[in-house]
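Structural overview
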Amino acid sequence: MNNDVKWMQRALELAQKARAHDEVPVGAVIVHEDKIIGEGWNQPISSNDPTAHAEMIALRDAGNNVGNYRLPNSTMYVTLEPCAMCAGAIIHARLSKIIFAVTDPKTGACGSIFNLLQAEELNHKVEIDKGIMEDECRSLIQTFFKDKRSKSS
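What comes next is a walk through the structure. (Residues numbered from 1 in each chain as written. Predicted model: local features only at pLDDT ≥ 70, side-chain atom pairs only at ≥ 80, totals over all residues. Heavy atoms only, no water.)

1. Overview of unusual backbone geometry
- In the Ramachandran plot, Glu-33 falls in the positive-phi region, its phi being about 50° despite a non-glycine side chain.
- Exposure remark for Glu-33: the relative accessible area of 70% places this residue in the exposed category.
- Phi is positive for Asn-48, close to 55°, though the residue is something other than glycine. (Buried < 20%, exposed > 50% of the residue type's maximum accessible area, 1.4 Å probe, protein only.)

Written as C-alpha cells, this is what we have:
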C-alpha cells in the first residue's frame, strides 16, 4: 500500500467517526515527514460551530502539535473536496499539498466551483491531487445522505 492510500485510509476512518456521531462523514489528516501531525473529523452539528469542519479541526490540531500556525512541507488528506472556508485556512497555514478523495460540485473550492488553492491573485499556491480512494469515500457520503433522506420520509 502506498503512503497516499495509507493516509487517506486514516482520513476515511475519521470520516466514519463523524458518521457515528451523525455528522456529515468527512475526515482529514495532515502529514509532515511521513508522520501525522494533525487530524480531525466533521463536528459542526455536535459543537454548534459552523467552522468545525474536518479540515479546520485537523489544522488546529497540527498547529497545536507543532507549535506554529504555519505548516509548510505538509500534506492534507481529506475525504471530500474542501469548501472556501477550509481552502482559505489551508492557504494561510501554507500547506504544500492537498489530496482529496471526492469532488464536491456544490461547495468545492479546489477546482469544482472555483480553485482558491491555486488562485493567481493569492501569495501562496497549494498543489492539488484528487481521486485517492474515491469510491470508498463517495460510498460513505452517499450512504449517509441516503439514510438521512429515508429517515425523514
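After that view, the rundown keeps rolling.
2. Describing the sheet that holds strand S1 (residues 27-32)
- Strand order in this open sheet of five strands is S2-S1-S3-S4-S5, and the pairing throughout is mixed. Strand pairing shows two members of the sheet lacking a second neighbour, strand S2 (35-41) and strand S5 (127-130), which therefore form its edges. The average angle at which neighbouring strand axes cross in this sheet is 15°, direction not considered.
- Relative to S2, S1 runs antiparallel, the two being bridged by six bridges. When the sheet's bridge partners are listed, Gly-27 is paired in S2 with Trp-41.
- In this fold helix H1 (residues 3-20) packs onto S1, S2, strand S3 (74-80) and strand S4 (97-102), with an angle of close to 145° to the strand it touches most, S1.
- Across the face of the sheet, helix H3 (residues 54-66) comes into contact with S1, S2 and S3 while running at roughly 140° to S2. (Pairing = 2+ DSSP bridges. Helix = DSSP H or I, 4+ residues; strand = E, 2+ residues; numbered from the N terminus. Axes fitted to C-alpha atoms, helices over the stretch in contact; angles between N-to-C directions. Contact = heavy atoms within 4.5 Å.)

3. Quick look at the packing of H3 against helix H4 (residues 84-93)
- Relative to each other, H3 and H4 sit at 20°, their axes nearing to 9 Å. Classed by the angle they form, the pair H3 and H4 counts as roughly parallel. Read as a crossing pair, H3 and H4 show a hand that is left-handed. For the pair formed by H3 and H4, the contact residues are Glu-55, Met-56 and Leu-59 on the first element and Met-85, Cys-86, Ala-89, Ile-90 and Ala-93 on the second.
- Its residues placed into classes, the contact of H3 with H4 shows seven nonpolar, no polar and one charged. (Parallel < 35°, antiparallel > 145°, perpendicular 65-115°, else oblique. Left-handed = near helix turned anticlockwise from the far one by under 90°. Nonpolar A, V, L, I, M, F, W, Y, C, P; charged D, E, K, R; others polar.)

4. Focus on H4
- In terms of burial, H4 is largely enclosed, as seven of its 10 residues are buried.
- Every buried residue of H4 is accounted for by Cys-86, Ala-87, Gly-88, Ala-89, Ile-90, Ile-91 and Ala-93.
- Among the structural elements, H3, S3 and S4 are those in contact with the buried residues of H4.
- Arg-94 lies just past H4 and shows a positive phi near 65°.

5. Thoughts on the packing of H1 against helix H5 (residues 134-152)
- The interhelical angle for the contact between H1 and H5, taken along N-to-C directions, is 5°, at an axis separation of 11 Å. As judged from the angle between their axes, H1 and H5 are roughly parallel. Taken together, the residues of H5 that come into contact with H1 (itself represented by Leu-12, Ala-15, Gln-16 and Arg-19) are Glu-136, Cys-137, Leu-140, Thr-143, Phe-144 and Asp-147.
- Of the residues contributing to the contact of H1 with H5, the split by class is five nonpolar, two polar and three charged.

6. A look at the environment of Val-126
- Checked against the element boundaries, Val-126 lands in the loop between S4 and S5.
- Residue class for Val-126 comes out buried when judged on its relative accessible area of 1%.
- When the C-alpha positions of Val-126 and Glu-136 are compared, they lie 25 Å apart, and in sequence the two are 10 residues distant.
- Every residue in contact with Val-126, bar those within four places of it in the chain, is listed here: Ile-90, Ile-91, Leu-95, Ser-96, Lys-97, Ile-98, Leu-117 and Gln-118.

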